[in-house]
Amino acid sequence: MASLKPSHFFFVVVLAIFLLSHPVHCDDEEDNLLQGLNSFRTSVNLPAFTKNKNAQCVAEEIADDIDDDQPCKNPSINSRSN
């Protein structure tokens, strides 16, 4: 963690601000997050994100495609039970 770049530190700070804030409306929360992410992206010379009306629909379809009846495979759980 000693090699944490300033840009990574800024990104963590921006995320912390948004995670700890309590916006009133969902749209406000999404706008604040988008603005924060775009501020970070601008600071590291990346193009800004834009809103996409179909993003929620696509996310729901992806979530529906995930097979929920498959058990989690975490090798650390089995090694602890010994």
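As shown above, the structure is provided for reference.
Keep in mind that what you see is a predicted model, and the values were worked out from it rather than measured.

About the criteria used
- Positions within a chain are numbered from 1, following the residues in the order the chain's sequence is written.
- Note on the predicted model: pLDDT of at least 70 is required for a residue's local features to be given, and 80 or more for side-chain atom pairs to be given and counted; whole-chain, interface and lining totals, by contrast, use all residues.
- Only hydrogens and water are removed before side-chain values are computed, so all heavy atoms of the structure are retained for them.
- Each aromatic pair joins two rings of Phe, Tyr and Trp (for Trp, the six-membered one) with centres within 6.5 Å, and gets the label stacked for planes under 30 degrees apart, edge-to-face for over 60, and tilted for any other angle.
- For a ring to carry a charge above it, either NZ of a lysine or CZ of an arginine must fall within 6 Å of the ring centroid while also lying within 35 degrees of the normal to the ring plane.
- Surface patches are drawn from residues lacking salt bridges whose relative accessible area is over 30%; two like charges belong together within 9 Å, two nonpolar side chains (Val, Leu, Ile, Met, Phe, Trp, Tyr) within 5 Å.
- The method behind every accessible area is Shrake-Rupley, applied with a 1.4 Å probe, and residues are considered shielded solely by the protein chains displayed.
- Note on definitions: salt bridges are taken to be side-chain nitrogens of Lys or Arg within 4 Å of carboxyl oxygens of Asp or Glu.
- For the purpose of counting charges, residues Lys and Arg are taken to be positive, whereas Asp and Glu are taken to be negative. His and the chain ends are not included.
- Note that the charge is assigned to NZ on lysines, CZ on arginines, CG on aspartates and CD on glutamates.
- Numbering goes from the N terminus for both helices and strands, where a helix is a DSSP run of H or I of at least four residues and a strand is a run of E of at least two.
- Residue contacts are counted whenever heavy atoms from the two residues lie within 4.5 Å of one another.
- Only protein chains enter the area calculation, which uses a 1.4 Å probe; residues under 20% of their type maximum are buried, those over 50% are exposed, and those in between are partly exposed.

Trainee: When you look at the packing of aromatic side chains in this model, what are you seeing that I'm missing?
Mentor: Two measures describe an aromatic ring pair: the distance that separates the ring centres and the angle between the ring planes. The full count for this structure, using the stated rule, is two aromatic pairs. Among the aromatic residues, ring-to-ring pairing joins Phe-10, Phe-11 and Phe-40 into one connected group. A cation over an aromatic ring shows up here: Arg-41 above the ring of Phe-49, its NZ or CZ 4.1 Å from the ring centre.

Trainee: Would you mind going over a negative patch on the surface with me for this structure?
Mentor: A contiguous patch of negative charge, built from Glu-60, Glu-61, Asp-64 and Asp-65, is present on the exposed surface. Within the fold, Glu-60 resides in helix α3 (residues 55-65).

Trainee: Would you mind going over the environment of Phe-10 with me for this structure?
Mentor: You can see Phe-10 is positioned in helix α1 (residues 6-20). C-alpha of Phe-10 to C-alpha of Phe-40: the two residues are 30 residues apart in sequence and 7.3 Å apart in space. The residues touching Phe-10, leaving out its near neighbours within four places in the chain, are Ser-39, Phe-40 and Ser-43.

Trainee: Looking at this structure, how should I read a nonpolar patch on the surface?
Mentor: Side chains of Phe-9, Val-13 and Ile-17 sit close together on the surface and give an oily, nonpolar patch of about 280 Å² of accessible area. Along the polypeptide, Val-13 turns up in helix α1. By relative accessible area, Val-13 is classed as partly exposed at 32%.

Trainee: Is there a simple way to think about unusual backbone geometry in this case?
Mentor: If a residue is not glycine, its phi is most likely negative; likewise, a peptide bond is most likely trans. Phi at Asn-45 is positive, roughly 60°, even though this residue is not glycine. On the secondary structure map, Asn-45 appears in the loop between α2 (26-43) and α3.

By themselves, these observations are geometric and do not establish any function.
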